[in-house]
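# Examination of the molecular architecture
Below, each chain spelled out in residue letters.
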Amino acid sequence: MNTGSSGRTRNEAEAQAREPSGPSPWQSRLRTLLPVLLGIGLFVAGALALAHVLGPLDMRAVISEARAKPPGKLLAALATTAAGYGALIGYDWSALRYLGRHVPLRAVIVGGFLGYAFGNTVGVGAVSGGAVRYRIYSAYGLNAFEVAAISTFVSLAFGLGITVIGLFALMLHPGALAGVVSWTGLTIREGAGAVLALTLAFLAWGSLTGRRLRLRRLVIPFPRPRLLLGQLFFSVVDTTMAAATLYILLPDGGPDFITFLAVFAVAMVAGVASHVPGGVGVFEGIIVAAMPGEMPVDKLAAALLLFRMIYYILPFVLAMIVVALNEARLASGPIARMLGATPEWFQPISRAISAITPKVTGSAVFGLGIYLILMSVLPDVRPEGAVRESWLVAFLMESGAMLSAALGALLILLAQGLIRRSSAAYWLTQATLLAAIIASLLNGLDVKSALVLALAALLLWPLRHEFFRHGRLTRNLFTLSWFALVGGILIGVIALLALIHAATPYATDVWMRPGALAGMPRAMRAGLFAAALLTFGLVYLALEPRRARIVKPTPQARARARAILEARAGDGTGAPPPEATLALTGDKDFFMPDEADAFIAFRAAGRSWIALGDPAGPPMSQREIAWQFADAAARAGRRPVFHAVTDAFRPLGRELGLVLQRIGDEARIPLPATPTGPGGDGGDGGNGASGEAGFEFWLPPHDPARHAALARMNGEWRKAHPDGERHFIEGPFSPAWLDQCPVGVIREGGGGAVRGFASLIADPARLNFRIDLMRALDDGDHRIKRALVRGLIGALGEAGAASLGLGLVPPEGIGLRESARLWQRFGRWIYPHGEDFRDFEALRAFAEAFNACYTSRHLAFRGDGSTPIATLKDLVRAIRGQEG
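Described in the following lines is the structure provided in the data block. (Residues numbered from 1 in each chain as written. Predicted model: local features only at pLDDT ≥ 70, side-chain atom pairs only at ≥ 80, totals over all residues. Heavy atoms only, no water.)

### Brief notes about the overall build of the chain
Summing up its helical and strand segments, the chain has 29 helices and 14 strands in all. Taken across its 884 residues, the chain has 52% of its residues classed as buried. Restricting to contacts in the chain with at least 6 residues of sequence separation, those with at least 24 account for 77%. Surface summary for the chain: the accessible area is close to 37,800 Å², and the carbon and sulfur share equals 64%. (Helix = DSSP H or I, 4+ residues; strand = E, 2+ residues; numbered from the N terminus. Buried < 20%, exposed > 50% of the residue type's maximum accessible area, 1.4 Å probe, protein only. Contact = heavy atoms within 4.5 Å. Areas by Shrake-Rupley, 256 points an atom, 1.4 Å probe, with all protein chains shown as cover.)

Below, the structure written as structure tokens:
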């Protein structure tokens, strides 16, 4: 069935001049960069304070102290760490009970451990605790709002718990902070006691009365008394065990445990508030400042180093082993045969772990890069006067540290490619780890570092199937945030270098005479430097991708997009749905590679780039352009968002690290059909099918008289619905757009005034149609809308159409969910015709009245552990046509 000829949909000068809406790219980048710069600033401040307190540090003594720690103390620290992580898992168990959701205990244990093991060590972006929780708990039916509620509950529980413990300890031992603040002990005791009493009274009052805590628009019901007491218990165990781990490792001569507990609580709160991953630098600075001055500095530094390794690095390594074993189990091989089939209860967790594998692998490799750089700046531990038999031996031995530093920097570079599933980055990482093993052995025969790197390469081997993207994939991925992060690392390395070499004799000509290399031929040193530069250049060029660009919706661009849609309809891979035609409305830009075999139609709104529907084009091109779109959005400081994507997008969404939240169902009526549902006749005396009273079916193009009749009716409708106009998810009310659309109208008897109309969009084959604009006057009981749908069912059925879509409707039972209030807030904009119905149940009932079939639609957004509220706000901005 022909829908008419194509035409212009917007003023061409406006289309050519329009840039993606919203703040400028530099404003968005600055917003993204500010939290990173703040975190780096706090890290540097903490590092400087730490360096000031520690003074010159003999790293050899620190390492010797760490190695000499008695096995009994190490075992005790491991035991308290295990108990602390058990309490952390209790946070999640309590949060699920608070929400009234059931998740198998084994899944809570695995999900909680992975979330805290990755989140405590990395704690940002897609490797945050909230993001890991979502991947696992969503497999058991929890939606993004509920997982965000768990993260909020855990954060509040941790904050309140550590506050209560810290205040209680300060009340008992106010002198704990004598080295940190200048207040008197009495002032600290009275202040801590007063705040503690008020906090406990507030918690008890809210829990016993069932009150709700309002934080701006966020409403949090107080937990029941039993649940509140249980959560406080987990908080006490968590904080006490974490403090005990460090306390066990401290040298003799420190404060008693209760006093130390107060110091530890303050340091933990400051570390969390700094937003530095793990609170590195900030936490240590407070601990060192609060310890007695006579405590040996090297022993204190060794204790802090071991604490980081046992409480943070060791759980991260164990979690990586879980990830590696999971991937080995999914692949065929000896490990899979040894472990056997995946148990049914573990299968949802297994799929969730696969989804986060690239992110955690990239984070681990990033950490290995930092490790290699740090190892390269440590003092040379070889005995002085070591014999060098030849220039070649001298060159190999003295170049070990330089190679370690260069390979560490290379791993930091490759981590970005791993996060984006680059096959080239994976194999280059393995090659780099092999080279780093050799460099470690050359660097003073560092066998332990070589074993660490060998273990890392072994753990990465089962993960190779997760890295499948071929080609050049890292162009323009290095954002301002990335450079700021690397800059912070370099500052930390330089500070460490200055700290550990402060007491080392320093010659001003060291740059011209680098140790034993001074006697080497100049050509050897120049060759080593040139080889490092060439290696970095070749890696960068090998990973560079093809370029895709943003194309404005000019007539030529829309013609290319239409050709892609039509080509997809005829290539046997599945025709795009009718709503894909909305890409051609002229209010969206196109993200399109030069060869134009695929595209994404999107609009910039707020801090998001919002794509409408699945990417258009062949399946493999869809995958590549979706990755490029997500990378380009991140580069511009925006969130990549895909609105109303189908179930077919789910695997690709998981690859991109996106959270998919079901937002509704696309309602579709198979044709030919006779309405037999509860609203089949609507009690309005309609004749049904194409004989609907007052119904007319107009084929495009439309003559001026019809356009005038529709314009008069639309003007009256706009007066009654001043905020009813929608962009992005609907076509515009304009002659150019309507001249491409069949239109069904309801007239007053005998060809009178138009009382309602519905325009249609179609798939490229003109077999499946969908209602685009549907407007009616004085239709509080929806009689006119029902009559329009019945008339369209009859007219399209007689014309041989295959189906009629009614648009996106809310999920079944949405009004009964905890998140219903949020959906009510945004749904009137997200769902077509949502403003005409009193609630979402009525909107879905309208579709069910025609015995519609349903296919799920999802909102895909970055899974960084935050709620989707910010994304929904930007989506509403796009639908309302707002520029920011």
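From this point on, the discussion continues.
### Let's talk about the packing of aromatic side chains
Taken as a whole, this structure holds 28 aromatic pairs when the rule is applied. Pairing Tyr247 with Phe257 gives two aromatic rings, centres 5.3 Å apart and planes at 75°, and the pair type is edge-to-face. One end of the pair, Tyr247, is in helix H9 (residues 225–249); the other, Phe257, is in helix H10 (residues 257–274), and 10 residues separate them in sequence. Measuring from ring centre to ring centre gives 5.8 Å for Phe283 and Phe307, while their planes differ by 20°; the resulting arrangement is stacked. A residue pair is termed long-range when its members are at least 10 positions apart, and Phe283 in helix H11 (residues 282–290) and Phe307 in helix H12 (residues 297–330) qualify at 24 residues. Among the aromatic residues, those joined into a cluster by ring pairs are Tyr85, Phe113, Tyr247, Phe257, Phe260, Phe264, Phe283, Phe307, Tyr311 and Tyr312. (Phe/Tyr/Trp six-rings, centres within 6.5 Å; stacked < 30°, edge-to-face > 60°.)

### Observations regarding a nonpolar patch on the surface
A grouping of Leu75, Leu78, Leu314 and Leu318 is seen on the molecular surface, where their side chains present a nonpolar patch of about 330 Å² in accessible area. Elements supplying a minimum of two residues to the nonpolar patch: helix H4 (71–99) and H12. Within the secondary structure, Leu318 sits in helix H12. The exposure class of Leu318 is partly exposed, given its relative accessible area of 41%. (Patch = residues over 30% accessible without salt bridge, like charges linked within 9 Å, V, L, I, M, F, W, Y side chains within 5 Å. Salt bridge = Lys/Arg side-chain N within 4 Å of Asp/Glu carboxyl O.)

### Considering the pairing of strand E10 (residues 743–747)
Of all 5 residues that make up E10, 5 are buried, and the element is covered over most of its length. The alternating pattern of E10 places Val743, Val745 and Arg747 on one face and Gly744 and Ile746 on the opposite face, and all of these are buried. Relative to E10, strand E9 (residues 695–698) is paired through 4 bridges, and the arrangement is antiparallel. When the sheet's bridge partners are listed, Trp698 is paired in E10 with Val743. One ladder, built from 5 bridges, connects E10 with strand E11 (residues 754–762); its direction is antiparallel. (Pairing = 2+ DSSP bridges.)

### A look at the packing of helix H17 (residues 423–442) against helix H18 (residues 447–460)
With their axes 8 Å apart at the nearest point, H17 and H18 run at an angle of 165° to one another. Relative to H18, the element H17 lies roughly antiparallel. The element H17 and its partner H18 pack so that their crossing is left-handed. Residues Tyr426, Thr429, Gln430, Leu433, Ala436, Ile437, Ser440 and Leu441 of H17 form the contact with H18, whose own contacting residues are Val447, Ser449, Ala450, Leu453, Ala454, Ala456, Ala457 and Leu460. A class-by-class count of the residues in the contact of H17 with H18 yields 12 nonpolar, 4 polar and no charged. (Axes fitted to C-alpha atoms, helices over the stretch in contact; angles between N-to-C directions. Parallel < 35°, antiparallel > 145°, perpendicular 65-115°, else oblique. Left-handed = near helix turned anticlockwise from the far one by under 90°. Nonpolar A, V, L, I, M, F, W, Y, C, P; charged D, E, K, R; others polar.)

### Details of the side chain of Arg755
By secondary structure assignment, the location of Arg755 is in strand E11. A relative accessible area of 18% means that Arg755 is categorised as buried. The residues touching Arg755, leaving out its near neighbours within four places in the chain, are Met713, Glu716, Ile746, Arg747, Glu748, Arg775, Ala776, Leu777, Asp778 and Ile784.

### Focus: the nonpolar core
Grouped together as the largest cluster of nonpolar side chains are 132 residues, with contacts concentrated most on Phe118, Leu246, Phe264, Phe283 and Ile287. Looking at this core, the element that brings in the most residues is H12, giving 15 residues. Non-local contacts of Phe283, meaning those with residues more than four positions away in its chain, are made with Leu246, Phe264, Ala267, Met268, Leu304, Phe307 and Arg308. (Core = buried A, V, L, I, M, F, W, Y, C linked by side-chain atoms within 4.5 Å.)

### Details of the environment of Gly230
Position of Gly230 among the secondary structure elements: in helix H9. Residue class for Gly230 comes out partly exposed when judged on its relative accessible area of 25%.

### Side note on the pairing of strand E14 (residues 853–862)
Across 2 bridges, strand E7 (residues 639–645) lies against E14 in antiparallel orientation. The residue of E14 that forms the bridge with Phe642 is Ala860.

### Description of the pattern of salt bridges
One pass over the full model with this rule turns up 15 salt bridges. Asp874 serves as the salt-bridge partner of Arg639, at 2.7 Å between the closest nitrogen and oxygen. A residue pair is termed long-range when its members are at least 10 positions apart, and Arg639 in strand E7 and Asp874 in helix H29 (residues 869–880) qualify at 235 residues. Residue classification places Arg639 among the partly exposed residues on the basis of a relative accessible area of 23%. Taken together, the salt bridges that share partners define one network made up of Glu579, Glu666, Arg668, Arg770 and Arg857.

### Observations regarding helix H24 (residues 704–720)
In this model, H24 (17 residues) spans 25 Å end to end at C-alpha, consistent with the 24 Å of a helix rising 1.5 Å per residue. What H24 keeps buried is the set His707, Ala709, Leu710, Met713, Asn714 and Trp717. For H24, the angular spread of buried residues about the axis comes to 160°, placing them on one side. Facing away from the buried surface of H24 by more than 90 degrees, the exposed residues are Pro704, Ala705, Arg712 and Lys719. On its buried face, H24 sits against E9, helix H25 (735–738), E10, E11 and strand E12 (768–776). Two or three places before Ala705, at the start of H24, stands the capping residue Asp703, its side-chain oxygen 3.1 Å from that residue's backbone nitrogen. (Expected span 1.5 Å × (residues − 1). Arc of directions from axis to C-beta. Polar contact = N/O pair within 3.5 Å; in protein donor to acceptor, adjacent residues only side chain to side chain.)

So, to be careful, I would describe these as geometric facts and stop short of saying anything about function.
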